[in-house]
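Structure at a glance
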Amino acid sequence: MIVVWIEDQGGKVTDAVWEALTMGRRLAQQMDQPLAALLAGAPEASGLTDQLKEYGVSRVWLTGDERLARWAPQAQARVLARLIEQERPQVVLAAATDRGNELLAYLAARLQLGLATNCTEVHPGDDFTVTRLRWGGSLLEEARLLSEPKLLTVALHVNAPEPQPAESFQIEQFVAQLEERDFIIQMSKMEESAHEGVSLAEAKVVVGGGRGVGNAEGFKSLEELAQLLGGAVGGSRVATNNGWRPHADQIGQTGAQIAPELYIACGISGAIQHVVGCKGAKNILVINKDPEAPFFARADYGVVGDLREVIPALVEAIRRERGD
Amino acid sequence: MQVLVCIKRVPDTGARLELTADGQELDTRNLEFTVSPHEECAVEEAIRLVEAQGGSATVLSLGPEAAGEQIREALAKGIERGILLETDGGEWDPAATATAIVSAIEDEAFDLVLFGNESADAGNYQVGVRVAQALGWPCVTSVKQLELESAERALAKREVPGGWELYPLTLPAVVTVKEGINSPRHPSLRGIMTAKKKEIVRLKPEKSAAQLVKLGLKKPPEGRGQIQMLGEGTAAVPQIVAALKELGVL
């Protein structure tokens, strides 16, 4: 059996879950094993079961435990550990989100097992090997995972979700039997920050700025462009470290990993740390006055020019185009 | 308060990564070494906590003898003491790393152990959690704000799309931090001088059996075709507009 842990937030899931399920389903087919899923979160997550079937899941466990509605990684790990004890799956996997990586780390530590995070490929067989991201994705590692069951997390934005309905489907309750001490770490509440338009993670278009933008003021034209395109603004590490943008806007290995239709990178040279954060973008347009900028070698479209001239002119042209 | 911060020596990469001929390692002949941005912030957080609360901060690294450089750098910024768990430079998997750290600090009395959320090179996301579980301590990962409420209570915050998640925790605890929690200082000249006199304890840890074994490294496929140059300067604007339309974003 292959078990996929489903991360839900108030009954909602992100594409990362469907990506993980897609890898899980392919693995299940290769290993000739059933695909199962655990919905340990909020009771409202039970609304997801139909979609799980579409992704090839033939068995779903729901805990329906109210206490798991707020994130508690150790408690979640306990649930998974019990499930492993009961069902003896060959593989347990989760999406490589903050929570997915955290949960499987707890599980691996608790059961003293190995864990391969950020896997892009899995090769089952006598020798169970994985391909995983290193350096945020600028290198790949081939690694052998020795312990049983195999624990792994699935790299984001690498394998596209592909539904393939299961032939049979059953839903079961899983009694978590959690104790007070399992909740030693639990989110107490969520502080919502002021809504500032589309988020980097969800935006169809992202306009990013780097050293070439020069200062916080320089981001104004990037913001105008993003607004016209219904997109979000991000920055390189240089831009966030200099305080031109809040740290949450950083695109890169130590910031956000984005996957928009189009990423417009302005005045960003293309250091590895940044490039790995936008690998998931379908298209990349690089605007840089230095024709030797390494980012050009990793882009789909390029403009050699000063962003401080090109962006305002582009904003103007789009407005004209729309008759504003 | 006694704070420990764990760091890892990694190559400081630029715009290209090259592999050694056997595909086992990054070719570091033309590279400097550093620690990841998350860990620079963990070091800064340790120094700030001790500045505010009193006590002392210790830095620990598991790595080759040369990792003494990264320890010395942390000492120059204001950490008091270093521990180097010296290896032959080979790969240690997260379980083996955590085991070595736990056995090195068992007899110490730390209130807080800080890590970077994940190392820059291996990115395993688990050494901090494994150390916490072995010590029986609570752990919060991905932390971008840490407030000490008393000698025993802290509040850790994680930034997520749309806001902040709050995690109260009881010390002693493990916290793994992300870049953005603070702005790391540079060492002062005076700091660099005094660091030379600070103590680095050198230990040779025993390597437990790996569960995750590296077989080799490779470069990912580029995945993008030939770049289409749209022109130079503002003269490129009509072509940019055409491309935006073609992509369906305009």
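**Things to note about the pairing of strand E6 (residues 129-134) of chain A**
Residues and elements named next belong to chain A. Judged by how many residues are buried, E6 sits mostly within the fold: six of six residues are covered. On E6, burial covers both faces: Thr129, Thr131 and Leu133 on one face and Val130, Arg132 and Arg134 on the other are all buried. Note: strand E5 (residues 115-123) against E6, four bridges, orientation antiparallel. The residue of E6 that forms the bridge with Glu121 is Thr131. In this antiparallel pair of consecutive strands, E5 and E6, the connection spans five residues, and Gly125 shows a positive phi of 145°. Between E6 and strand E7 (residues 139-145), which pair antiparallel one after the other, the connecting turn spans four residues, and Trp135 there sits at a positive phi close to 50°.

**Regarding the pairing of strand E4 (residues 56-63) of chain B**
All names here are of chain B. By the criterion of burial, E4 is predominantly enclosed, with eight of the eight residues buried. In the sheet, E4 pairs with strand E5 (residues 81-86) via six bridges, with the strands oriented parallel. Looking across to E5, one finds that Leu60 is bridged to Ile83.

**Quick look at the packing of helix H3 (residues 94-105) of chain B against helix H4 (residues 127-135) of chain B**
Residue and element names in this part refer to chain B. It is the contact of H3 with H4, at a shortest axis distance of 9 Å, that shows an interaxial angle of 45°. The orientation of H3 relative to H4 falls into the category oblique. Remark: the crossing between H3 and H4 carries right-handed chirality. Contacts between H3 and H4 involve Pro94, Ala95, Thr97, Ala98, Ile101, Val102 and Ile105 from the former and Val127, Arg130, Val131, Ala134 and Leu135 from the latter.

**Notes on the interface of chain B and chain A**
Across the boundary between the two partners, chain B contributes 80 residues, which contact 86 residues of chain A. Contact between chain B and chain A buries roughly 7,000 Å² in total, counting both sides, with carbon and sulfur atoms accounting for 58%. Linking Arg224 of chain B and Asp300 of chain A is a salt bridge whose minimum nitrogen-to-oxygen distance equals 2.9 Å. Our count for the contact surface shared by chain B and chain A stands at 43 residue pairs in polar contact (both at pLDDT 80 or more).

**Overview of the domain arrangement of chain A**
All names here are of chain A. Along its sequence, chain A is organised into domain 1 (2-183) and domain 2 (205-321). If you look at the interface, domain 1 gives five residues, while domain 2 gives eight residues. Note on domain 1 versus domain 2: buried area summed over both sides is about 480 Å², and carbon and sulfur give 59% of it. Of all residues in domain 1, the largest losses of buried area upon contact with domain 2 belong to Gly136, Ser138 and His157, amounting jointly to 70% of the total for that side. On inspection of domain 1 and its partner domain 2, the count reaches zero salt bridges.

**Things to note about the side chain of Thr22 of chain A**
All names here are of chain A. Counting through the fold element by element, Thr22 comes out in helix H1 (residues 15-31). Polar side-chain contacts of Thr22 include one of 2.9 Å to the backbone nitrogen of Glu162. If sequence neighbours within four positions are ignored, Thr22 has contacts with Tyr55, Ala160, Pro161 and Glu162.

**Looking at helix H5 (residues 219-228) of chain A**
Residues and elements named next belong to chain A. By the burial criterion, the buried members of H5 are Phe219, Ser221, Leu222, Leu225, Ala226 and Leu228. Turning to H5, the residues buried within the fold contact strand E11 (205-209), strand E12 (232-235), helix H6 (237-241), strand E13 (262-266) and helix H8 (307-321). Looking one or two residues beyond H5, the residue adopting positive phi is Gly230, at roughly 65°.

**Side note on the sheet that holds strand E8 (residues 150-154) of chain A**
One open sheet holds the ten strands; their spatial order is E9(A)-E3(A)-E2(A)-E1(A)-E4(A)-E8(A)-E5(A)-E6(A)-E7(A)-E13(B), and the pairing between them is mixed. With partners counted over all chains shown, the strands left at the sheet margins are strand E9 (170-173) of chain A together with strand E13 (212-218) of chain B, one partner each. Neighbour to neighbour, the strand axes of the sheet diverge by 35° on average, direction disregarded. Bridge analysis of E6 of chain A against E7 of chain A gives six bridges, and the strand direction is antiparallel. Its bridge partner being in E7 of chain A, Val130 of chain A is matched across the sheet by Ala143 of chain A. The strands touched by H1 of chain A are strand E1 (2-5), strand E2 (35-39), strand E4 (91-95), E5 and E8 of chain A; relative to E4 of chain A, the strand with the most contacts, the crossing angle is about 160°.

The rules behind each value
- Residues numbered from 1 in each chain as written.
- Chains lettered and ligands numbered in written order.
- Predicted model: local features only at pLDDT ≥ 70, side-chain atom pairs only at ≥ 80, totals over all residues.
- Heavy atoms only, no water.
- Buried < 20%, exposed > 50% of the residue type's maximum accessible area, 1.4 Å probe, protein only.
- Helix = DSSP H or I, 4+ residues; strand = E, 2+ residues; numbered from the N terminus.
- Pairing = 2+ DSSP bridges.
- Axes fitted to C-alpha atoms, helices over the stretch in contact; angles between N-to-C directions.
- Parallel < 35°, antiparallel > 145°, perpendicular 65-115°, else oblique.
- Left-handed = near helix turned anticlockwise from the far one by under 90°.
- Contact = heavy atoms within 4.5 Å.
- Buried area = accessible area lost by both parts, 1.4 Å probe.
- Salt bridge = Lys/Arg side-chain N within 4 Å of Asp/Glu carboxyl O.
- Polar contact = N/O pair within 3.5 Å; in protein donor to acceptor, adjacent residues only side chain to side chain.
- Domains from an automatic or database assignment.

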